[in-house]
Amino acid sequence: MSFIAVEGKQVELDEDGFLVEPSDWNEAIVSIFAKSEDVEELTEEHWKVINYLREYFKKFGMAPMVRKMCKDTGLTLKQIYELFPTGPAKGACKLAGLPKPTGCV
Amino acid sequence: MSFIAVEGKQVELDEDGFLVEPSDWNEAIVSIFAKSEDVEELTEEHWKVINYLREYFKKFGMAPMVRKMCKDTGLTLKQIYELFPTGPAKGACKLAGLPKPTGCV
Amino acid sequence: MAKTDFGPPDFRELIPPVIKENYGKWKYHEVPQQGVLRHVSESGAVLHSVRMASPRLVSGDFIREISDIAEKYCDGYLRFTTRNNVEFLVSDANNVDPLLDELDDKGYLVGGIGNVISNIVHTQGWIHCKSAVTDASGITKSIMDDVKDYFTGKIALPARCRIAVACCINMCGACHCSDIAVVGIHRTPPRIDDELASKICEIPNTVASCPTGAIKPNPRTKSVTVNQEKCMMCANCTVVCPAMKIMNPAKDGVSIWVGGKVSNARTAPMFSKLAIPFLPNNAPRWPEVTDAVKHLIEVWAVNAKKGERMGEWIGRIGWERFFTLTDLPFTNQHIDDFTTAKTTFRSTTQFKF
Amino acid sequence: MAKTDFGPPDFRELIPPVIKENYGKWKYHEVPQQGVLRHVSESGAVLHSVRMASPRLVSGDFIREISDIAEKYCDGYLRFTTRNNVEFLVSDANNVDPLLDELDDKGYLVGGIGNVISNIVHTQGWIHCKSAVTDASGITKSIMDDVKDYFTGKIALPARCRIAVACCINMCGACHCSDIAVVGIHRTPPRIDDELASKICEIPNTVASCPTGAIKPNPRTKSVTVNQEKCMMCANCTVVCPAMKIMNPAKDGVSIWVGGKVSNARTAPMFSKLAIPFLPNNAPRWPEVTDAVKHLIEVWAVNAKKGERMGEWIGRIGWERFFTLTDLPFTNQHIDDFTTAKTTFRSTTQFKF
Amino acid sequence: MEDKKTPLLDELEKGDWPSFVTEIKKAAATKKNAKDLLNQLEKSYGENLGHWKHGGIVGVKGYGGGVVGRYSDSPEEFPDVAEFHTVRVNQVAGFFYTADKLRQLADVWDKYGSGLYNMHGSTGDIILLGTTTENLQPCVDELADIGFDLGGSGGAMRTLSSCVGKARCEKACIDATDIIRDLTLHYQNEIHRPAFGYKFKIKVAGCANDCCASTARSDLAIVGTWRDTLRIDNKAIREEYVEKGFNIVDRVIVKCPSKCLSWDAEKGVLNIIPEDCVRCMHCINEMPKALRVGTEEGATLMVGGKVAIVKGAMIGWVLVPFMKMEAPYTEFKDLLDKIIDWWAEHGKNRERISELIERMGLVTFLKAVDLKPLPQMVREPRSNPYIYWSPEEVENNG
Amino acid sequence: MEDKKTPLLDELEKGDWPSFVTEIKKAAATKKNAKDLLNQLEKSYGENLGHWKHGGIVGVKGYGGGVVGRYSDSPEEFPDVAEFHTVRVNQVAGFFYTADKLRQLADVWDKYGSGLYNMHGSTGDIILLGTTTENLQPCVDELADIGFDLGGSGGAMRTLSSCVGKARCEKACIDATDIIRDLTLHYQNEIHRPAFGYKFKIKVAGCANDCCASTARSDLAIVGTWRDTLRIDNKAIREEYVEKGFNIVDRVIVKCPSKCLSWDAEKGVLNIIPEDCVRCMHCINEMPKALRVGTEEGATLMVGGKVAIVKGAMIGWVLVPFMKMEAPYTEFKDLLDKIIDWWAEHGKNRERISELIERMGLVTFLKAVDLKPLPQMVREPRSNPYIYWSPEEVENNG
Ligand code: SRM
Ligand code: SRM
Ligand code: SRM
Ligand code: SRM
Ligand code: SF4
Ligand code: SF4
Ligand code: SF4
Ligand code: SF4
Ligand code: SF4
Ligand code: SF4
Ligand code: SF4
Ligand code: SF4
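Since we're looking at a predicted model, the values are computed, not measured.

Enquirer: Would you explain the overall build of chain A in this entry?
Expert: Across its full length, chain A carries five helices and two strands. Ordered by position from the N terminus, the helices and strands of chain A form the series β-β-α-α-α-α-α. Taken along the three principal axes of its C-alpha coordinates, chain A extends 35 × 30 × 25 Å. Here chain A holds 105 residues, and the buried ones make up 52% of them. Of all intrachain contacts in chain A linking residues separated by at least 6 positions in sequence, the fraction that spans at least 24 positions is 46%.

Below, the structure is given as structure tokens:
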């Protein structure tokens, strides 16, 4: 567990750097997470993915499967990795403020 | 198929003497059915069973199983047969205006 | 009130004296000739039973005629078998041959014992059942005409072969454990009369009746709907709800199943498995069905080892070889997709090409 | 960007010349002595492989030591087996004995070939896995200490006996097809931290994770509920949802399963079946578990015919005899109640008293 | 009634096997309903379509079952089978009859029905094929006069049946006919007044040859067996079989499923490992003059046999490996009462007992009927790790 | 760091079998995290409780898997394993190494990790046991320098593994090591960037002995087999076996599952009915010097092997009875692509392919991957009458 300062507020992160409190999420946090996840600059494409993930989660209570995400956003897996070098789970989901994916490892 | 006159109205019966149109059911019909089913006199006990069946059907969309009916009405199977000599299915259900039981034969 | 609950007549009053005296004391039996059983008691007493084919559906004339015969040769004692043959219980050994002669004269067939095809166990069909896809009696008669030499023992078989015919998958003949089973099937889903259903259908029961969960209540029509992709055309819903109809003369048909058995001899009992998913329902003599049954019997008879019933033979050679030897196509229909389907998939590299 | 997607080193560059030259041309092998394989090629070339036990979890020292040994006797060539033993690939036959001597000197065990107990396939346990009910390495070590004479071939066995240990029913060691499997189990249902679940739980996934459908969403708490009567304590939900906890040191334990196999030799592959539903999780040496395993091996070794693996032996004598001979109680837990349970019920009067 | 032609059915009078069409025609000579049955059947043959309506709920006083109602869907065309109900008459145990008894039956049925019979129905009843609603009560009353009672139908205990058993079979380990007679009398109420959610069938086979297909066709099958060793007469083996050229090794030894037999050709002796024998009957079947079942007789009870509807066919599962079966069969009846009670209590509409066991679990069922789990009950123990532990079991084990 | 005592673990240094505790201690001599691993483990041994937290999602650039994250739940007590991630390194096909290669590996891991290894993990990877988040990227970078790449984890194609195959086994009918090397290279993206709903495992066994447990442990197993007749050297049978006292009848003939072998003792000849042989390997296993696999080599593909979660364990089902396996394995890859595509499209989260096939039906799956139904795919045809007919099939059949 650790804390980061976001706009003056202490925000708690778990050991993987995911938000502990989902409601802490905001755009400023995205910029901070972007750095740790090797995203150089947040483009429109990044936001497209982030917004898609947030909406999907809101609607279905879980993260989409990667293939679905590619289909729905029109991005290839390769493009996703170009956008989020640490991958959809560790990268994109973190930036989107989703709970840490617990699928299989 | 056949018809009987009930309070001036022609009521249609199927070949087993069950009502074709469930909404045709009324108390006068019970008395008519009572005769064909060897029920000599309609007592309070009879009505208890009839009302129970109708309510059960309304609630669950099907007739109760015989054992359940005995339990719920507090009557033994023997008593049911004393009340309705042609039995729960052919006798009691018919008087109660339920659809013809189609369980196993 | 009429007399009730007294049960059937007491069998003890309807058995011949030799049985009464040797009840539970039978020591062994032999089969002096096809159609005749000779049971010998510990006391040395002997009973001959002569087995005669019956169509099962019989008239009063038949009942009276066999009664007459029984009186003539068996002091009136006779029985039926669990496969609906008639057995004359002959106490006086001298009566056996005359009895056989009379039966022969009258054109009755004698046989059905041991490694033969005994009478077909079958069901009501169009003669009395509302669910019948086909006519069990008709198919039975057509098959038995063709295979009667296996009943009389004229042609030998490796083992017994038990055939059953059911007019629908309710399988009142318990086809599910027969060497060869013939079963009427539907191939199109039921149609619903919503208007009628709203009056007559016990909807929860109808929903529950569907093995594949294809039926859902339809609150709008106060009826039900059927998911066509899930429906396996089993007709069970139509038994429960009179507003559902499934009969489709143009598309209904007959299926053939093989390899079941009931006895625990050698192997555990076995279910019959699908051999031919569909044959046309071709009354009055069902040539496609009789040909298929004969063909199955012949392939088995030629290839099985002595003592191997249909299912034991297939167990030894494997289903892939069965389909090759019988030259039957293996189709989508053969692959199970019901609840325990996965237990029927082959989890080994052991197979034959 | 770092180099990616290039795959592992090419095995062709890591095999000894004798393998390169005789690749695909091996003709037969023999086992001159336990722990040594002698493969002969069509060309007449010979390769000796010397198999040595490994604890699987090894240190850099170990890696360097076996490298040194390999260099000394095998030009540096060695491999690991699919059961985590080390195999020294000796091209020069003259090096076999010196190698064996050195291994012996150093206290390494040689063996594991043929009708023996080879290395146990096991899993991470408390050493690295969050799901571990028990410690697989510890149980493995405890068992192998006890049965090492079966590894080295000092005591003979009727056939191979493959043991696997898994620290939870995820069974990363694939216990499900082992002659003997040791599996950590829970016996109490999971507890839910509703507060945490409301933040972190992907509820649909958690609901879907339950094999028995015991989990339902709880809209009130934005969490889930567990139906205790349906819960079989499998822990799958706890893998999916960090807010569900199932560890219960006082009640968790170890189960033992027998009769599985993987090869298609003689019989199809078989699943392991439950033999002992519960033994205490008694670290550091699990005496109840090691005793049980030893006992199972001994009963099998005494009673099986030559060549019969555990499952084949049980197949011949029947499970009822297995429980008698091993003197193990047959309990409610042994009776299957999962989706294909009915296919495990005995549908024949064939059994032994 | 004009005499309709039946060219299709006439085809079924050809051939050597006895013809049911001929039988119907015989009845039709005097019976109008038999004639119309033929006519309607001819129509079915032409159209590939049955002509009986759904349903039919008719009966006689005091009984809830025993009659299967039928109405033609074309009563105008076939007025004489407009009503054509069958009467299920409880057969005599072992299907034993005398000429007199059969004639009495025929007399009654000639009077009230079509004069057509199924000898017998698949469950075991005498099926009297076709009469009118009006005739039902008098027919049943007159059947009672000659000692015949109705069998079962609907959600009831069904007519019990058995193989011939000790009456005529040397292999019978239990008195099958007596058992069904006793149970039939004991359970008259359960047979005649349907009070269950579905049918419940009982069949009794004298031995594991199961000549009445009990494990395939009955919710509770009673199958004769023995606990000691089968009896071997080595002299008879030699003289009646081996010396007459019978290949005992091929026909018996290698086919023994438990491989517990061996033939000592030198001594002419058959050896058996008694505790390995699974009493499959095969060796006894092959050499009936030399081998006999053991003497410590009893039965194995198998629960749950049935055909496919709804959850798939089942062959009965071992419930009690061995039970002595001595009149009045009190131990058996006590158990049966518990079984039926549990099923009637928990079973849904049209749910057979095996389906209920499948739904609730065998262990739950065993607990309800006070039976201990036994390895004989299963082909194999569970292979999946989804073990349920009750809190008490957790306490007891550690 | 004070030197904690580990009396419980010390018990596991006793006995002759090599001790993992000793190994950890060796590493602990120089590695603080190995030492704390030992300490935390000691605590687990004392409490019967693991001390790793749930989750752990760490990784390296460009890869979505290959690392299993782990955090201690008592980081204050065991600071050196506060982060203790394992790195799954793709093993060399056939698990072949040279001393040099191993030492290179050890050098990297000494630098960045605990100095502890699983040789190998159950899927086949080299498991580097424990490092920090910080060290991950440099460690993986240096592994790349010595030619080692990551394996799979998560919803990906997992690291492929095989038996030793043609490299050292006379029984291999396919080139197992080459196949996994080729497929591994071909499917790098699927291995390294999880895009499926769950894991997908492939294992290759050279023959039906299945020395890598492929049918039990992989969603798609490739098992070597042959189509012609196994090769018999009767001279070798006589000289190497029978004449040396080997009981060929007991050990081979009666154990042949298809009973297609017979031994002509007089002529000293082994007879086979070739078309009956199910290629189980037993006879070849027993007499390796005399019998060999056939020459028309290929593979049987088995789909669906896995362990219990969620729907119960499965042993792979025959999907393709025989496929030639020749580099570059195009026919195989085409089929695999179809299989994975169908699964990825229809599979739910955490649903293995066998579970999807079970849910949607084998026939649906076969249609999707363009395979015809074959009797080899089933142990037996259906016994229940619940047959689905598509409207087209109804049209075609009648
Ligand atoms: C008369 C009858 C019993 C009855 O109460 O009516 C009967 C009587 C005998 N059976 Fe049976 N079985 C009778 C139906 C059955 C059935 C049930 C069925 O077919 O529906 C079976 C189970 C069939 C199955 O497994 O699918 C049956 C399986 C056997 C067997 C075991 C056969 C096998 O090897 O699988 C034997 C043993 C034998 O034949 O040696 C047997 C043996 C016998 C013996 C030899 C017993 C004896 O010692 O008296 C009897 C005469 C032999 C015969 O008919 O071949 N009986 N027998 C039934 C005659 C039916 C018929 O008319 O054909
Ligand atoms: C080295 C190894 C392959 C590898 O790539 O690493 C291997 C190598 C051989 N196996 Fe294996 N098997 C190896 C794991 C397996 C496995 C997998 C497992 O145990 O997890 C199996 C399946 C086990 C099972 O069925 O559960 C396996 C089942 C067999 C069999 C069939 C045994 C049987 O009768 O059921 C044979 C045939 C034989 O032994 O005659 C066999 C035969 C052989 C032969 C004789 C093949 C040959 O001609 O070279 C090899 C040496 C025999 C030996 O070790 O006993 N190998 N063998 C594996 C050694 C593991 C170890 O260290 O002990
Ligand atoms: C008459 C008889 C067939 C025959 O020609 O012999 C028969 C006829 C019918 N059976 Fe049956 N069953 C008959 C023995 C059987 C058997 C065999 C047995 O009892 O040994 C079975 C298989 C064993 C079993 O019970 O599982 C059998 C399994 C069914 C089923 C499927 C039950 C299931 O659980 O799967 C049904 C469907 C139902 O109950 O709705 C059924 C339903 C029916 C109905 C009542 C269909 C209906 O709803 O109208 C048939 C009435 C036909 C009629 O109009 O007469 N019948 N039925 C048999 C009863 C005669 C008798 O009392 O002796
Ligand atoms: C490391 C390894 C065990 C070992 O000690 O060798 C392992 C370790 C884990 N397995 Fe596994 N599995 C390992 C091989 C297997 C195998 C064997 C195989 O692949 O041949 C199986 C059985 C085969 C199969 O896939 O069905 C296996 C079946 C599972 C399952 C159950 C999957 C199922 O469908 O039933 C899970 C549960 C899950 O995925 O959530 C699982 C989950 C896990 C997790 C990721 C548990 C978790 O969620 O944290 C374990 C991580 C432990 C850790 O901290 O390192 N592991 N797991 C094996 C991988 C090493 C490698 O890459 O070589
Ligand atoms: S099998 Fe079907 S059609 Fe035939 S009698 Fe039984 S329920 Fe009727
Ligand atoms: S026919 Fe059978 S499968 Fe189809 S809807 Fe009716 S009950 Fe369901
Ligand atoms: S078996 Fe369970 S506890 Fe052990 S490593 Fe696998 S997932 Fe972890
Ligand atoms: S432990 Fe298993 S059975 Fe129990 S609720 Fe969780 S997933 Fe379901
Ligand atoms: S079941 Fe047994 S006792 Fe009954 S008739 Fe058949 S062989 Fe005889
Ligand atoms: S009864 Fe069956 S199991 Fe017993 S000895 Fe005879 S053949 Fe073998
Ligand atoms: S699976 Fe076959 S080819 Fe591979 S090592 Fe084992 S015996 Fe050899
Ligand atoms: S490989 Fe197996 S099936 Fe084929 S002959 Fe040899 S033992 Fe028989």
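And the narrative resumes.
Enquirer: What is the right way to look at the overall build of chain C in this model?
Expert: Each helix and strand counted, chain C has 10 helices and 15 strands in total. Its C-alpha atoms give chain C principal-axis dimensions of about 75 × 70 × 35 Å. Put simply, chain C has 353 residues, and 67% of those count as buried. Taking contacts inside chain C between residues at least 6 apart in sequence as the whole, the part at least 24 apart equals 62%.

Enquirer: Sorry if this is basic, but what is going on with the coordination of the iron atom of ligand 2 here?
Expert: From the protein, the iron atom of ligand 2 takes a single donor atom, F:Cys211 (SG), 2.3 Å away. In this fold, F:Cys211 is placed in the loop between strand S7 (202-205) and helix H8 (214-217).

Enquirer: Quick question: what am I supposed to make of the domain arrangement of chain C here?
Expert: Frequently, the measure chosen for interface size is the accessible area that the parts lose on association. All names here are of chain C. Parsing chain C into structural domains produces domain 1 (11-105), domain 2 (121-187 + 249-334) and domain 3 (191-245). Its C-alpha centre places domain 1 at a distance of 29 Å from the equivalent point of domain 2. Listed per partner, the contact involves eight residues of domain 1 and 10 residues of domain 2. Taken together, the two surfaces of domain 1 and domain 2 that pack against each other cover about 740 Å², and 53% of this comes from carbon and sulfur. When residues of domain 1 are sorted by the area they lose upon contact with domain 2, Gln34, Arg56 and Arg83 head the list and together hold 64% of the total. On inspection of domain 1 and its partner domain 2, the count reaches zero salt bridges. The interface formed by domain 1 and domain 2 contains two residue pairs in polar contact (both at pLDDT 80 or more). Residues of the side of domain 1 that touches domain 2, tallied by class, amount to three nonpolar, three polar and two charged.

Enquirer: Explain the sheet that holds strand S4 (residues 57-59) of chain C to me, please; I cannot follow it from the model alone.
Expert: Strand pairs in the sheet, formed through backbone hydrogen bonds, run parallel or antiparallel to each other. Here we have five strands laid out as an open sheet, ordered S4(C)-S4(E)-S5(E)-S2(E)-S1(E), and antiparallel in their pairing. Across the chains shown, the open sheet's two edge strands, defined by having one partner strand only, are S4 of chain C together with strand S1 (67-68) of chain E. Packing of helix H2 (residues 60-74) of chain C onto the sheet brings it into contact with S4 of chain C together with strand S4 (116-119) of chain E, and relative to S4(C) it is tilted by some 80°.

Enquirer: Hey, could you run me through the interface of chain C and chain E in this one?
Expert: Facing 112 residues of chain C, the contacting portion of chain E comprises 114 residues. Contact between chain C and chain E buries roughly 9,700 Å² in total, counting both sides, with carbon and sulfur atoms accounting for 60%. Summed over the shared surface of chain C and chain E, the number is 11 salt bridges. Here E:Arg292 ties to C:Glu42 by a salt bridge, and the two come within 2.8 Å at their closest N and O atoms. Joining chain C to chain E, the criterion identifies 64 residue pairs in polar contact (both at pLDDT 80 or more). Considering each element in turn, the side of chain C that touches chain E owes the most residues, nine residues, to H2(C). Partitioning the side of chain C that touches chain E into residue classes produces 55 nonpolar, 33 polar and 24 charged. Bridge count for strand S5 (residues 77-80) of chain C against strand S3 (residues 96-98) of chain E is three bridges, and the pairing is antiparallel.

Enquirer: Help me understand the pattern of salt bridges, please; the structure alone is not making it clear to me.
Expert: Oppositely charged side chains are able to pair whenever their charged atoms sit close together. Under the defined criterion, the tally for this structure stands at 137 salt bridges over all chains. Between D:Glu30 and F:Lys289 there is a salt bridge, with its nearest N and O atoms 2.3 Å apart. Taken together, the residues span two chains, with D:Glu30 in strand S1 (residues 26-33) and F:Lys289 in the loop between helix H11 (282-286) and strand S12 (291-292). Exposure remark for F:Lys289: the relative accessible area of 22% places this residue in the partly exposed category. A salt bridge links F:Asp110 to D:Arg64, with the nearest nitrogen and oxygen atoms 2.9 Å apart. Of this pair, F:Asp110 sits in helix H4 (residues 99-112) while D:Arg64 sits in helix H2 (residues 60-74), each in a different chain. Its relative accessible area of 24% is what places D:Arg64 among the partly exposed residues. Taken together, the salt bridges that share partners define one network made up of A:Asp14, A:Glu15, A:Asp16, A:Lys100 and F:Lys53.

Enquirer: What is the right way to read helix H1 (residues 27-36) of chain B from this model?
Expert: Residues lying three or four places apart along an α-helix face the same way, a consequence of the helix completing one turn every 3.6 residues. Residues and elements named next belong to chain B. Buried residues of H1: Ile29, Val30, Phe33 and Ala34, and no others. Around the axis of H1, the buried residues are gathered within 145° of arc, so they sit on the same side. Next to the buried residues of H1 lie strand S1 (2-6), strand S2 (9-13), helix H2 (44-60) and helix H5 (87-96). Measuring from the side-chain oxygen of the N-cap residue of H1 to the backbone nitrogen of Ala28 gives 3.1 Å; that N-cap residue is Asn26. Remark: Asp38 follows H1 within two positions and exhibits a positive phi of approximately 65°.

Enquirer: Would you mind going over the site of ligand 10 with me for this structure?
Expert: Near ligand 10 you find 13 residues, and of these E:Cys256, E:Cys277, E:Cys280, E:Met281 and E:Cys283 are the closest. Of the residues that constitute the shell around ligand 10, the class distribution is 11 nonpolar, one polar and one charged.

Enquirer: I keep staring at the interface of chain B and chain E and nothing clicks. Help me out?
Expert: If you look at the interface, chain B gives 20 residues, while chain E gives 32 residues. Summed over both partners, the interface of chain B with chain E comes to about 2,100 Å²; 59% of that surface belongs to carbon and sulfur atoms. At the surface where chain B touches chain E, the tally comes to four salt bridges. Measuring nitrogen to oxygen at the nearest pair gives 2.7 Å for the salt bridge that ties B:Arg67 to E:Asp341. Summed over the shared surface of chain B and chain E, the result is 10 residue pairs in polar contact (both at pLDDT 80 or more). Contributions of two or more residues to the side of chain B that touches chain E are made by helix H3 (66-73), helix H4 (77-83) and H5 of chain B. Element by element, the count of residues in the side of chain B that touches chain E is highest for H3(B), at three residues.

Enquirer: Would you mind showing me how to read the nonpolar core here?
Expert: A general trend in soluble globular proteins is that nonpolar side chains are found buried together. Core analysis: the biggest nonpolar cluster contains 219 residues, and C:Phe88, D:Phe322 and E:Ile222 have the highest contact counts within it. With eight residues, helix H12 (residues 330-346) of chain E is the single largest residue contributor to this core. Excluding anything up to four places from it in sequence, E:Ile222 contacts E:Ile174, E:Ile179, E:Leu183, E:Ile202, E:Lys203, E:Val204, E:Ala205, E:Ala299, E:Thr300, E:Leu301, E:Met325 and E:Phe332. Of all hydrophobic cores here, the second largest spans 179 residues; its members include C:Tyr150, D:Tyr73, E:Phe78 and F:Met325.

Enquirer: It is not clear to me how unusual backbone geometry should be interpreted in this structure. Could you clarify?
Expert: Leaving glycine aside, a negative phi is the common case for residues, and trans is the common case for peptide bonds. That bond from D:Ala283 to D:Pro284 is cis: its omega, 5°, falls within 30 degrees of zero. Note the cis peptide between F:Met119 and F:His120, where omega equals 0°. Here F:His120 shows up in the loop between strand S4 (116-119) and strand S5 (126-131). Although it is not a glycine, E:Asp210 adopts a positive phi angle of roughly 55°. Here E:Asp210 shows up in the loop between strand S7 (202-205) and helix H8 (214-217). Phi at F:Arg350 takes a positive value of approximately 60°, unusual for a residue other than glycine. One can find F:Arg350 in the loop between helix H12 (330-346) and helix H13 (353-360).

Enquirer: Explain the arrangement of the chains here, please?
Expert: The smallest C-alpha distance separating chain A from chain C is 24 Å, and no contact links them. Chain B shows no contact with chain D. Their nearest C-alpha atoms sit 24 Å apart.

Enquirer: Would you take a moment to explain the sheet that holds strand S6 (residues 161-162) of chain F for this structure?
Expert: All names here are of chain F. Across the sheet, which stays open at both edges, the five strands sit in the order S6-S7-S8-S13-S14 with mixed pairing between neighbours. The open sheet has two free edges, formed respectively by S6 and strand S14 (317-323), since each of these has just one partner strand. Strands S7, strand S8 (220-226), strand S13 (297-303) and S14 of the sheet are contacted by H12, whose axis makes an angle of about 155° with S14.

Enquirer: Where do I start with the site of ligand 5 in this structure?
Expert: Lining the immediate surroundings of ligand 5 are C:Thr123, C:Gln124, C:Cys129, C:Ser131, C:Ala132, C:Cys167, C:Cys168, C:Asn170, C:Met171 and C:Cys172. Within the shell around ligand 5, the residues separate by chemical class into six nonpolar, four polar and no charged.

What counts, and where the lines are drawn
Residues numbered from 1 in each chain as written. Chains lettered and ligands numbered in written order. Predicted model: local features only at pLDDT ≥ 70, side-chain atom pairs only at ≥ 80, totals over all residues. Heavy atoms only, no water. Helix = DSSP H or I, 4+ residues; strand = E, 2+ residues; numbered from the N terminus. Buried < 20%, exposed > 50% of the residue type's maximum accessible area, 1.4 Å probe, protein only. Contact = heavy atoms within 4.5 Å. Donors = N, O, S within 2.8 Å, 3.2 Å for Na, K, Ca; no water. Domains from an automatic or database assignment. Buried area = accessible area lost by both parts, 1.4 Å probe. Salt bridge = Lys/Arg side-chain N within 4 Å of Asp/Glu carboxyl O. Polar contact = N/O pair within 3.5 Å; in protein donor to acceptor, adjacent residues only side chain to side chain. Nonpolar A, V, L, I, M, F, W, Y, C, P; charged D, E, K, R; others polar. Pairing = 2+ DSSP bridges. Axes fitted to C-alpha atoms, helices over the stretch in contact; angles between N-to-C directions. Arc of directions from axis to C-beta. Near = heavy atom within 4 Å. Core = buried A, V, L, I, M, F, W, Y, C linked by side-chain atoms within 4.5 Å.

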